[in-house]
There are 2 protein chains.
Amino acid sequence: MFEIKAKDGKARVGVLKTNHGDVKTPNLMPVIHPRKQTIDVGKYGADIVITNAYLIYKNEDLKEKALENGLHDLINFDGPVMTDSGSFQLSVYGDIEITNKEVIEFQEAIGTDIGTSLDIPTAPYVTREQAEGDMEITLERAREAISYVKDNDYDMMINSVVQGSTFLDLREKCAEELSKLDADLYPIGAVVPLMEQYQYKDVVDVVMHSMKHLPDDTARHLMGAGHPMVFALAVAMGCDLFDSAAYILYAEDDRFLTTRGTIKLENLNEMPCSCEVCCKYTPDDLRAMDKEERVNLIAQHNLHVSFAELRLIRQAIYEGSLMELVEERCRAHPLLLDALRCLGDYSDDIEVYEPRSKKSAFFYTGPESLKRAEVTRHLNKMRARKTKKNLVVLAGNRKPYSKFINKDYKKFYLYSLDEDNLTEEELSKFEDGIPEGFDLNIKDENTDYLVFDIPFCLIPLELDEVYPLSQNEAPKINDEIAVEFARDFLVEYAEKYDNVLIHPRIVDLCELDYIDLYVDPERIKVRKNDLEKIKSIADYQFGDGAGEALFTGKIEIEKSKKTGKIRHIFDKKQNIVNMRASDSLLILSKLGAKRLYSCSEGMKNKVMISNSVESFARDGKSVFSKFIVDCDENMRSNDEVLIVNEEDELLAFGKALIGAKEMNDFSVGQAIKTRKGFKK
Amino acid sequence: MFEIKAKDGKARVGVLKTNHGDVKTPNLMPVIHPRKQTIDVGKYGADIVITNAYLIYKNEDLKEKALENGLHDLINFDGPVMTDSGSFQLSVYGDIEITNKEVIEFQEAIGTDIGTSLDIPTAPYVTREQAEGDMEITLERAREAISYVKDNDYDMMINSVVQGSTFLDLREKCAEELSKLDADLYPIGAVVPLMEQYQYKDVVDVVMHSMKHLPDDTARHLMGAGHPMVFALAVAMGCDLFDSAAYILYAEDDRFLTTRGTIKLENLNEMPCSCEVCCKYTPDDLRAMDKEERVNLIAQHNLHVSFAELRLIRQAIYEGSLMELVEERCRAHPLLLDALRCLGDYSDDIEVYEPRSKKSAFFYTGPESLKRAEVTRHLNKMRARKTKKNLVVLAGNRKPYSKFINKDYKKFYLYSLDEDNLTEEELSKFEDGIPEGFDLNIKDENTDYLVFDIPFCLIPLELDEVYPLSQNEAPKINDEIAVEFARDFLVEYAEKYDNVLIHPRIVDLCELDYIDLYVDPERIKVRKNDLEKIKSIADYQFGDGAGEALFTGKIEIEKSKKTGKIRHIFDKKQNIVNMRASDSLLILSKLGAKRLYSCSEGMKNKVMISNSVESFARDGKSVFSKFIVDCDENMRSNDEVLIVNEEDELLAFGKALIGAKEMNDFSVGQAIKTRKGFKK
């Protein structure tokens with residue numbers, strides 16, 4: 001069983017429950033060679049290991065011991081043990097002396113926690129025919145294995161491996177077929193040759209296409225990935241487990257693993273990390289040692305580095321800063337940067353999993369950040385937004401923007417003008433600039449005030465404290481790609497308006513064309529209006545119209561005495577919503593939930609749960625995934641949601657812990673933390 | 001005394017020699033509080049520490065003990081100890097009760113290894129008047145201190161601190177004046193407030209301008225910098241020493257230092273590194289401890305992380321990969337990325353220090369890499385290169401380019417055409433493409449074949465194995481900034497030719513205008529000519545004309561049987577030069593040196609040494625910096641150089657260990673590793 005504890009994009013911190021204890025993921029399973037293990041991997045951080053059932057099966061002595069005393073005793077590890085089936089040997093030697101059923105039986109017999117069917121690891125770049133044929137066998141064996149395990153009521157969990165070589169549609173198909181089998185874990189196989197050749201871009205394509213069709217409530221294992229250099233990237237794609245013999249194989253070759261690559265001892269002048277081994281010895285010390293001692297110490301270092309990286313990755317997921325870590329790690333090699341650039345093409349896929357609000361700020365680390373899910377999401381929200389007649393584009397200074405407005409401009413350029421609404425005579429007056437007496441009709445009620453900034457392009461002034469529009473940081477020295485990206489969005493967006501006025505700094509920065517008129521900023525009044533602000537936030541958060549529906553009656557706004565920020569909003573004395581200080585998003589109260597419900601058509605803002613658990617929801621109890629019947633497809637984790645029964649009656653409201661896609665997939669775990677229920 | 005062991009750009013691995021032993025730099029001096037030190041910093045990696053002489057002076061008890069048993073006994077550290085003078089207290093409290101002379105006297109009396117005069121740390125962004133006034137006092141006190149130390153024949157080394165606030169010309173002036181004093185170390189002061197405010201860009205400006213006028217043979221200390229996040233960047237600017245109390249101050253506030261920033265214990269779900277503390281404890285363990293134990297452990301972690309980063313930095317300098325580390329580290333915060341972008345503006349300053357060839361490949365990590373010294377240098381070399389009549393621009397596939405040519409193109413576009421050499425009638429034939437019979441006259445002897453690739457833009461086909469034109473890696477997915485950068489250089493360079501033919505893939509990639517004619521590639525023959533190749537390399541390496549001068553007579557070229565690469569070049573049986581396999585640069589033999597000498601006018605390719613050491617050079621002994629009279633200003637470390645006497649007679653030849661700027665600055669250490677001398 002697999003439970004998710006924290007999410008960041010497609011990445012998650014999870015707990016994999018096995019007969020030999022729980023494993024926190026993402027995690028690495030060091031490969032244990034059943035015959036010659038010299039390192040006590042548990043001592044250096046391993047919570048789970050993997051070994052090869054086929055190698056044990058083939059060796060009479062090992063086989064006997066394993067069958068007699070069990071696998072855990074054989075390899076002297078009392079935590080969870082996964083076994084591979086011999087498909088690696090199959091890929092190397094071409095043929096092996098065991099059937100699929102036999103290997104499943106054997107794995108159960110020796111007490112494996114997680115067994116594997118005999119898949120066919122198809123190499124990259126083979127013919128389509130071969131990839132397809134291999135995949136069919138893999139699928140067939142997976143089906144056979146799972147029904148065998150079920151029929152015989154086996155205790156062991158089972159892996160079903162995704163294959164399909166580098167044919168992305170085959171990867172998708174294989175994943176889709178496997179997902180119907182309800183396996184316990186889904187490894188993604190045969191990516192090792194790609195990683196060995198630094199074809200990280202192809203790894204991204206293969207993994208993302210496999211991932212698209214794998215269920216979200218199950219752990220995914222990137223088979224054979226064991227270099228800490230790629231962990232962060234793989235986790236960002238949704239991988240939960242890694243396995244590798246790299247720690248020992250590299251050590252035997254005097255190579256040190258680091259998150260920045262591999263270094264040979266002969267090239268080391270200084271020890272590369274903060275681990276015990278690196279603090280205690282110098283490269284010369286190691287070079288002077290006998291081989292066995294040296295290999296042992298380098299393997300320790302390799303394990304320390306790997307587990308430290310996994311801790312850092314889990315920490316980043318808790319913080320919501322995993323992509324920042326990935327963007328940093330992908331600078332270690334240009335072909336990893338290639339992979340990061342390729343990952344940007346999956347921004348829409350990732351957005352679906354991206355929490356609405358996170359603990360940490362969004363950091364712009366380079367043009368690749370423009371393809372982050374947060375940016376994609378905001379631009380899409382903007383595109384769907386209702387617009388007014390006029391647009392004023394302000395320059396972003398410091399954040400929050402609304403506090404630092406009206407300070408540094410002397411004129412505004414007219415970028416476009418609604419000529420249709422002018423008479424011939426009026427138009428003729430524009431020959432020498434905007435005529436003094438001419439009324440541009442820039443008034444709050446008919447004008448949108450948007451701030452131009454990188455990387456979020458256009459930020460409505462009223463949303464300037466909403467996550468991540470305020471909670472982000474970019475370099476002050478802009479790069480041309482970012483400027484062009486934001487410029488293109490501005491040009492696209494300006495199309496929606498009759499009249500567009502633009503701050504001169506933006507005109508310069510973006511080298512905008514066709515500006516020959518300007519207007520005195522005194523003629524533009526940006527008024528701060530709290531009611532407009534909360535309505536805008538409600539519309540951005542819940543959809544157009546939510547603001548009007550929520551904030552009717554005698555609206556009273558209570559602000560923090562300390563920060564001056566809006567905190568509570570009432571109709572007379574009745575609380576409608578509260579505003580969260582960290583991200584300026586609205587938290588519903590009972591009245592707010594009712595009003596939002598009144599304006600939410602169809603499934604908008606809603607999660608529909610089975611009538612069988614209606615009373616629990618009304619009692620304010622949290623909602624579990626398996627009782628969800630339907631939900632708003634635009635729901636993301638951390639969204640405020642309405643909980644309704646199958647007749648669309650409002651039962652309760654709360655905070656989504658997972659997004660719409662996951663609500664559909666998950667059969668275990670909490671989906672909504674209910675804030676309050678409406679008793680019948 | 002300070003000796004340089006390895007260089008990478010402005011960064012160096014050095015050894016600082018003191019009365020209490022040698023210190024490898026870059027290094028961190030943990031601040032020891034004379035009254036309340038609880039951590040044995042030496043145990044966690046400190047080789048040198050810093051403490052405050054004024055605090056000792058002010059406390060009767062400490063003062064007495066220090067005067068009686070010495071400073072090292074007082075703080076219980078037997079390695080080198082630096083003392084600060086109380087200027088920090090001056091900056092905080094405004095006034096202190098000690099004179100400059102008194103503090104110098106006191107530091108010598110207690111046995112400080114490196115003392116400091118009483119400088120005035122001027123805050124950033126003060127008025128120019130204040131910055132100038134403060135600087136004058138700082139300079140005056142530095143002069144006073146140094147003459148006092150000299151007059152009294154003190155044993156202690158002395159710091160002269162660069163001040164000048166954020167006025168870059170004042171920083172330059174201060175550094176220039178101080179450099180005349182021949183101090184033992186040059187700290188750069190008062191950057192802490194900038195770092196606290198994340199004004200890393202301003203730190204770069206201040207440090208680079210200070211650095212410009214500081215001697216290269218002396219250690220530079222970035223005062224108060226103690227966060228491992230900035231070490232790599234600071235080292236890349238030429239800083240050798242850091243000091244900080246951050247390890248303990250942050251620990252007291254439950255904060256963990258990491259190379260990616262600071263994390264508060266309350267926000268930690270997982271321990272952030274591979275150190276002993278992080279492997280042994282969980283955040284919950286630490287939270288449950290009593291404060292003293294916890295602070296001690298966090299301080300240990302902070303020291304482990306800091307020293308590990310310094311080891312990694314030194315390793316990177318040995319490898320020649322420091323900028324890759326800097327570019328990675330500067331992704332940790334957008335304002336560090338800002339600093340990296342700012343550092344790009346100093347590319348020319350850094351190029352002067354950049355070794356000609358390095359062990360590691362150049363990695364493109366983003367558009368910032370386009371401003372790396374290696375790129376700047378190559379483009380300048382190209383600009384100075386003699387060109388032929390015609391240019392054929394080939395597309396870069398795999399490296400080495402010349403091996404993978406002639407494979408993927410069907411036609412070449414004519415980018416420009418020498419219309420002046422055509423008759424009216426000939427021109428008219430071009431209306432429908434390049435006429436079949438028309439002789440474009442593309443022949444090896446009148447045509448340059450350049451490969452277009454990112455980031456080095458245009459690479460002469462004959463130089464395709466020369467460092468770093470082959471030893472570099474970039475993502476396959478190009479970014480627009482890089483494409484535009486390379487395109488601009490191509491357009492600039494194409495100006496030099498009469499006829500320019502361009503590979504269609506480049507035309508597409510760069511969206512080049514005015515292409516309406518094309519030519520069958522069969523009409524272009526790229527012939528590989530080894531003699532042309534070695535001549536080109538010689539010209540690139542030693543300047544135009546060197547190839548002709550070196551390779552006359554009956555040239556025989558011997559290749560490696562294994563790799564097919566050129567290894568040795570002879571005139572009949574006499575060796576002229578050898579080609580180094582790793583970077584394809586030429587290594588002179590005696591005949592080569594003589595021939596190069598014959599064509600090298602003025603100081604070109606030469607180092608002139610004092611006649612007093614002529615016989616040592618003729619005997620093949622290495623040349624020390626202090627005997628250098630003059631040298632080619634374009635000399636860089638790892639260059640092959642001719643050694644001449646004051647009468648410009650050729651004495652010997654060898655490899656430069658430092659660049660021209662350093663040869664002028666340095667008074668100690670080797671400058672040239674002599675290969676062979678010419679006996680008289």
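That block above? That's the structure.
Since this is a predicted model, take the numbers as computed values, not measurements. (Residues numbered from 1 in each chain as written. Chains lettered and ligands numbered in written order. Predicted model: local features only at pLDDT ≥ 70, side-chain atom pairs only at ≥ 80, totals over all residues. Heavy atoms only, no water.)

Asker: Any details on empty space enclosed by the protein? Residues and values, ideally.
Answerer: Rolled over the atoms, a probe with the dimensions of a water molecule shows which regions are left empty. Within the structure shown, the criterion is met by 13 cavities of 30 Å³ or more. One number sums up the size of the largest cavity: a volume of about 500 Å³. Lining the largest cavity are 26 residues, with Thr259 and Arg329 of chain A together with Thr259, Cys273 and Arg329 of chain B sitting closest to its centre. At the level of elements, helix H14 (291-319) and helix H15 (322-329) of chain A together with strand S12 (255-258), helix H14 (291-319) and helix H15 (322-329) of chain B are the ones that each hand at least two residues to the lining of the largest cavity. Take the lining of the largest cavity: its biggest share by element is 5 residues, from H14 of chain B. (1 Å grid on protein atoms, 1.4 Å probe; cavity = no way out; pocket = protein on both sides within 12 Å on 5 of 7 lines; lining within 4 Å. Points joined across faces, edges and corners; volume = space filled by probe spheres on them. Helix = DSSP H or I, 4+ residues; strand = E, 2+ residues; numbered from the N terminus.)

Asker: Please provide a residue-by-residue account of the packing of helix H18 (residues 373-383) of chain A against helix H20 (residues 480-494) of chain A, values included.
Answerer: Residue and element names in this part refer to chain A. H20 packs onto H18 with a crossing angle of 15° between their chain directions and a minimal axis gap of 11 Å. Put simply, H18 runs roughly parallel to H20. The element H18 and its partner H20 pack so that their crossing is right-handed. Packed against H18, whose contacting residues are Val375, Leu379, Met382 and Arg383, the element H20 presents Phe485, Phe489, Glu492 and Tyr493 at the interface. (Axes fitted to C-alpha atoms, helices over the stretch in contact; angles between N-to-C directions. Parallel < 35°, antiparallel > 145°, perpendicular 65-115°, else oblique. Left-handed = near helix turned anticlockwise from the far one by under 90°. Contact = heavy atoms within 4.5 Å.)

Asker: Residues and numbers for the sheet that holds strand S23 (residues 566-571) of chain A, please.
Answerer: Residue and element names in this part refer to chain A. Judged by pairing direction, the sheet is antiparallel, and its 4 strands sit side by side in the order S22-S23-S24-S25 without closing on themselves. At either end of the open sheet lies a strand with only one pairing partner, and these are strand S22 (555-559) and strand S25 (586-588). On average, adjacent strands in this sheet sit at an angle of 30° to one another, irrespective of strand direction. In this structure, S23 lies alongside strand S24 (residues 574-579), joined through 4 bridges in antiparallel fashion. Each bridged residue has a counterpart across the sheet, and for Asp571 the counterpart in S24 is Gln574. Strand contacts of helix H24 (residues 590-599): S23, S24 and S25, with the helix running at about 85° to S24, the strand carrying the most contacts. (Pairing = 2+ DSSP bridges.)

Asker: Could you give an account of the interface of chain B and chain A, naming the residues involved and the relevant values?
Answerer: Contacts between chain B and chain A engage 53 residues on the former and 53 residues on the latter. Here chain B meets chain A over a buried area of about 4,900 Å², counting both sides, of which 53% is carbon and sulfur. Summed over the three residues of chain B that lose the most area to chain A, namely Arg260, Glu270 and Glu328 of chain B, the buried surface amounts to 15% of that side. Inspection of the chain B/chain A interface yields 8 salt bridges. A salt bridge links Glu328 of chain A to Arg260 of chain B, with the nearest nitrogen and oxygen atoms 2.8 Å apart. Counting across the interface, chain B meets chain A through 29 residue pairs in polar contact (both at pLDDT 80 or more). Put simply, the parts of the chain that give the side of chain B that touches chain A at least two residues each are helix H12 (276-280), H14, H15, helix H16 (334-343) and helix H20 (480-494) of chain B. With 8 residues, H14 of chain B is the single largest residue contributor to the side of chain B that touches chain A. Residue classes in the side of chain B that touches chain A are distributed as 24 nonpolar, 10 polar and 19 charged. (Buried area = accessible area lost by both parts, 1.4 Å probe. Salt bridge = Lys/Arg side-chain N within 4 Å of Asp/Glu carboxyl O. Polar contact = N/O pair within 3.5 Å; in protein donor to acceptor, adjacent residues only side chain to side chain. Nonpolar A, V, L, I, M, F, W, Y, C, P; charged D, E, K, R; others polar.)

Asker: Tell me about the packing of helix H7 (residues 168-179) of chain A against helix H9 (residues 200-211) of chain A, residues and numbers included.
Answerer: Residues and elements named next belong to chain A. In contact at an axis separation of 7 Å, H7 and H9 are set at 35° when each is read in the N-to-C sense. Considering how the two elements wind past one another, H7 and H9 form a crossing that is right-handed. Side by side, H7 and H9 meet where Leu168, Arg171, Glu172 and Ala175 of the first sit next to Asp205, Val206, His209 and Ser210 of the second. Across the contact of H7 with H9, the residue classes break down as 3 nonpolar, 2 polar and 3 charged.

Asker: Kindly report on the side chain of Lys606 of chain A, identifying the contributing residues and their values.
Answerer: Residues and elements named next belong to chain A. Within the element layout of this structure, Lys606 appears in strand S26 (residues 606-609). Its relative accessible area of 1% is what places Lys606 among the buried residues. Here Ser600 takes part through its backbone oxygen, which lies 3.0 Å from a polar atom of the side chain of Lys606. Polar side-chain contacts of Lys606 include one of 2.8 Å to the backbone oxygen of Gly602. (Buried < 20%, exposed > 50% of the residue type's maximum accessible area, 1.4 Å probe, protein only.)

Asker: An account of the packing of aromatic side chains is needed here, citing residue identities and associated values.
Answerer: In this description, a pair of aromatic rings is defined by centroid distance and the angle of the planes. Residue and element names in this part refer to chain A. Within the structure shown, the criterion is met by 16 aromatic pairs over all chains. Note on Tyr493 and Tyr497: the rings are 6.0 Å apart at their centroids and 55° apart in plane angle, and the pair reads as tilted. Looking at Tyr493, the relative accessible area reads 0%, which means it is buried. Taken together, the aromatic side chains of Phe489, Tyr493 and Tyr497 make up a single cluster linked through ring pairs. Sitting over the face of the ring of Tyr57, Lys63 holds its NZ or CZ atom 4.1 Å from the ring centroid. Over the aromatic face of Tyr540 sits the side chain of Lys381, whose NZ or CZ is 5.2 Å from the ring centroid. (Phe/Tyr/Trp six-rings, centres within 6.5 Å; stacked < 30°, edge-to-face > 60°. Lys NZ or Arg CZ within 6 Å of the ring centre and 35° of its normal.)

Asker: Would you mind going over the side chain of Asp632 of chain A in detail, with residue names and values included?
Answerer: Residue and element names in this part refer to chain A. Assignment of secondary structure puts Asp632 in the loop between strand S28 (628-631) and strand S29 (640-644). Comment: no salt bridge for buried Asp632; closest opposite-charge side chain is Arg636, at 7.1 Å. Engagement of the side chain of Asp632 in a polar contact is seen with the backbone nitrogen of Asn605, the distance being 2.8 Å. With near-sequence residues (within four places) excluded, Asp632 lies in contact with Met603, Lys604, Asn605, Lys606 and Ala660. (Lys, Arg positive; Asp, Glu negative; His and termini not counted.)

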